[in-house]
Amino acid sequence: MKLDHPLASCDDHLDLNQLPPDLWQKRLPEHLRARGPKVEIRDGKAVWVCDEKVMGGWSGHANAPAGPKPVFTALDRGGITDQTECRPAVAKLRLADMDRDGVWAHVLFGPVTSLDFEDEEMRDACYAAYNVWLKEFCSAAPDRLIGVPLLPPYPGPALKELQHIVSLGGFKQANLQIAMAQPRLESDEWEPLWQLLEDSNIILSFHVTVFASVSRAFDKYKGSPGATFLHVKMFIEQFLDPFVDLFAWGILERHPGLKIVIAESGIGWLPWVIEELDYRHYRLWEGKEFWDERGGIPHKMLPSELFKRQVYGTFQQSPTAVALAEFYGEDKLLWATDYPHPDSIWPNSIKTLEGFTQKATPELIRKITWSNAANLYGIKGPSQEEDAIAAE
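Presented here is a report on the structure given in the accompanying data block. Because the structure is a prediction, the values reported are computed rather than measured. (Residues numbered from 1 in each chain as written. Predicted model: local features only at pLDDT ≥ 70, side-chain atom pairs only at ≥ 80, totals over all residues. Heavy atoms only, no water.)

### Structural notes on the packing of helix 4 (residues 120–138) against helix 5 (residues 155–168)
Thinking step 1. Their axes nearest at 11 Å, the elements helix 4 and helix 5 cross at an angle of 20 degrees. The angle between helix 4 and helix 5 falls in the class roughly parallel. Crossing of helix 4 over helix 5 shows right-handed handedness. Facing helix 4, whose interface residues are Arg123, Asp124, Tyr127, Ala128, Asn131, Val132 and Lys135, helix 5 presents Pro157, Glu161, His164, Ile165 and Leu168.
Thinking step 2. For the contact of helix 4 with helix 5, the residue count by class is six nonpolar, two polar and four charged. (Axes fitted to C-alpha atoms, helices over the stretch in contact; angles between N-to-C directions. Helix = DSSP H or I, 4+ residues; strand = E, 2+ residues; numbered from the N terminus. Parallel < 35°, antiparallel > 145°, perpendicular 65-115°, else oblique. Left-handed = near helix turned anticlockwise from the far one by under 90°. Contact = heavy atoms within 4.5 Å. Nonpolar A, V, L, I, M, F, W, Y, C, P; charged D, E, K, R; others polar.)

In C-alpha cells:
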C-alpha cells in the first residue's frame, strides 16, 4: 500500500503493567509515598501494590513460564519475547515500534484499569502524579507521542485535575473513565467540568475501563471459550448510558465547543442509536403545545446534527467505518492501532489498513488515518517537524 502521507493512530496505550516502577514514588506528595503505588514481589510475581492492596501485575520482572497463552498481545504477535523491557512506556523503544509499524504518531491513553482508591486524597494525588509523568514521557517526541491525561471519575476531583492539566500545558485531550463516573451525567455537578473543557479547548474522551465489578462478571465464565465473545457487550454497555446522556440532558447543545472522542467501543452500533434519538426528538416536538405550558423544549437541534458537529469515533479494522463514512462525516472518523493491546493490529497496521479500505477513496483513507487526527490534535508530520527545526 503506497501512502503519500504519515499515519496517526488515535487509540494506543500506556498500561499499568508497563509503567515505570518509580512513577508514583517519585511524584506523589512525600506523606503519601509509603502507602502509594509501588512494585513488590509477592509469591514470586511482580505486582503493583497500594495501601497493601494489589492493583495488578508488572511486566518488568521475569516470571516463570506458564504454558500456552489464551490471549496474545501485540507484542506477542510481533515476536517480542522479552517483555521485561516494558517497551510501550520507554519512549525510545516505543518510537522504534512505531517506526517498525510505519506509524508516525500515537494518541496515548493511560491504564484502562481503575485508579479509584478508597482514600480520596491518595486517588486524586495518583491521577495528578500520573499526568505529570505523562507530560515528561511525551516530551521525548511531542509531535509523535500525544498524551491523554486521566481525570478522576467524580465531578469535583475531575474539575480540579482538569485545572491541573491546563496548568501543565501541552495536552489536547483528557480521558474520563466513564464507566466509573458518579453521579450520572444528568447531574448539574458536572456542569463546571463541561464549561472548562469548552473554555480550554480540551477534548473529552470516553474509553473502555476495566474495574472490579467488570472482572467479577467474567468470573463464572472463566475457562470457557465463549467468554471471549462477552467483551463485545462490555464495550457497548459501558458507553450506552453516558452517550445518550450527552443528548438527553442537553450537554452537547449547551456546549457547542465541547468535542467528544468515543474510543475503543467500536462505532458500528452508533448509527441505530443516533437514528432512534432523532426519532425521539421528533416525538418530543410533536408534543410542543404540552411542553410550551411547562417551560418549553430546550432540545432545538437534532441529535444527528450534534453528533456530526461534536463527536469523533476510533476504530482499528472496520469495513463498517468505511461503509458509514457519509453517516459519520468523513472528518470525524479516527483510525487506531491499539498498540500494544490484544485487539491491536501492530505490527501489521498498514497491511490491515489496506485490507479493509479497498473500496475507499484515497482522500477518505488520508482523512481517517492522518488529516482528521492532525487537525484535531495539531499533529505535525515529519516534513513539518524538519521545517520547524530548520527555521529555528
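Moving on from the model shown.
### Remarks on the side chain of Thr337
Thinking step 1. With respect to the secondary-structure elements, Thr337 resides in the loop between strand 12 (333–335) and helix 15 (349–356).
Thinking step 2. By relative accessible area, which is 0% here, Thr337 ends up buried. (Buried < 20%, exposed > 50% of the residue type's maximum accessible area, 1.4 Å probe, protein only.)

### What about the packing of aromatic side chains?
Thinking step 1. Tallied over the full model, the rule gives 14 aromatic pairs.
Thinking step 2. With a centroid separation of 5.2 Å and an interplanar angle of 65 degrees, the aromatic rings of Phe243 and Phe247 are classed as edge-to-face. Here Phe243 pairs with Phe247, and both are found in helix 8 (residues 230–248), just four residues apart, close to one helical turn. Across the pair, Phe247 and Phe243 agree in class, each one buried.
Thinking step 3. Linked through ring pairs, Phe243, Phe247, Trp269, Phe307, Phe327 and Tyr328 together constitute an aromatic cluster.
Thinking step 4. Between Arg294 and the ring centre of Phe290, over which it is positioned, the NZ or CZ distance is 3.6 Å. (Phe/Tyr/Trp six-rings, centres within 6.5 Å; stacked < 30°, edge-to-face > 60°. Lys NZ or Arg CZ within 6 Å of the ring centre and 35° of its normal.)

### What about the side chain of Asn131?
Thinking step 1. As for its position among the elements, Asn131 is in helix 4.
Thinking step 2. Not counting the four nearest positions on each side in its chain, Asn131 is found in contact with Pro149, Leu150, Glu161, Ile165, Leu168 and Phe171.

### Details of the packing of helix 5 against helix 6 (residues 191–200)
Thinking step 1. Where helix 5 contacts helix 6, the axes come no closer than 9 Å and their chain directions differ by 15 degrees. Accordingly, the angle class assigned to the pair helix 5 and helix 6 is roughly parallel. The chirality of how helix 5 crosses helix 6 is left-handed. Across from Ala158, Leu159, Leu162, Gln163 and Val166 in helix 5, the residues of helix 6 making contact are Pro192, Leu193, Leu196, Leu197 and Ser200.
Thinking step 2. Here the residues of the contact of helix 5 with helix 6 sort into eight nonpolar, two polar and no charged.

### As for the pattern of salt bridges
Thinking step 1. Inspection of the entire model under this criterion finds 23 salt bridges.
Thinking step 2. Arg42 is paired through a salt bridge with Glu52; the nearest N and O atoms lie 3.0 Å apart. Here Arg42, found in strand 2 (residues 38–42), pairs with Glu52, found in the loop between strand 3 (45–50) and strand 4 (53–57); they are ten residues apart in sequence, far enough to count as distant.
Thinking step 3. Looking at Arg42, the relative accessible area reads 26%, which means it is partly exposed. (Salt bridge = Lys/Arg side-chain N within 4 Å of Asp/Glu carboxyl O.)

### Some remarks on the environment of Leu258
Thinking step 1. Structurally, Leu258 is set in the loop between helix 9 (251–254) and strand 10 (260–263).
Thinking step 2. The exposure class assigned to Leu258 is buried, which follows from its relative accessible area of 1%.
Thinking step 3. Setting aside chain neighbours within four positions, we find Leu258 in contact with Trp194, Leu197, Glu198, Leu204, Ile251, Leu252 and Gln310.

### Here's the deal with the sheet that holds strand 11 (residues 311–315)
Thinking step 1. The sheet built from six strands is open, its strands ordered 7-8-9-10-11-12 with parallel pairing. Each edge of the open sheet carries a strand with a single partner, namely strand 7 (150–151) and strand 12.
Thinking step 2. As paired strands, strand 9 (residues 203–207) and strand 10 are joined by four bridges and run parallel to one another. Bridge assignment links Leu204 to a residue of strand 10, and that residue is Ile260.
Thinking step 3. Strands strand 10 and strand 11 of the sheet are contacted by helix 12 (residues 303–310), whose axis makes an angle of about 65 degrees with strand 11. (Pairing = 2+ DSSP bridges.)

### Observations concerning helix 16 (residues 362–377)
Thinking step 1. Taking 1.5 Å as the rise per residue, helix 16 with 16 residues should run 22 Å; its terminal C-alpha atoms sit 22 Å apart, in good agreement.
Thinking step 2. Residue Ile368 marks the point of greatest curvature in helix 16, where the axis turns by about 50 degrees.
Thinking step 3. By the burial criterion, the buried members of helix 16 are Leu364, Ile365, Ile368, Thr369, Trp370, Ser371, Asn372, Ala373, Ala374, Leu376 and Tyr377.
Thinking step 4. Phi for Gly378, located one or two positions after helix 16, is positive at around 70 degrees. (Expected span 1.5 Å × (residues − 1). Bend = angle between axes of the 7 residues up to and from the residue.)

### Examining the pairing of strand 8 (residues 173–176)
Looking along a regular strand, one sees the side chains alternate between the two faces of the sheet.
Thinking step 1. Every second residue of strand 8 is oriented toward a common face, with Gln173 and Asn175 on one face and Ala174 and Leu176 on the other, all of them buried.
Thinking step 2. Here strand 7 runs beside strand 8; their pairing, made up of two bridges, is parallel. Opposite Leu151, over in strand 8, you have Leu176 as the bridge partner.
Thinking step 3. Between the parallel elements strand 7 and strand 8, the chain passes through helix 5 in a crossover that is right-handed.
Thinking step 4. In terms of strand pairing, strand 8 meets strand 9 through four bridges, oriented parallel. In the sheet register, Asn175 faces strand 9, and the bridge partner there is Ser205.
Thinking step 5. Chirality of the crossover, the property in question, places the unit of strand 8, helix 6 and strand 9 among those that are right-handed. (Right-handed = clockwise from strand over helix to strand, strands pointing away.)

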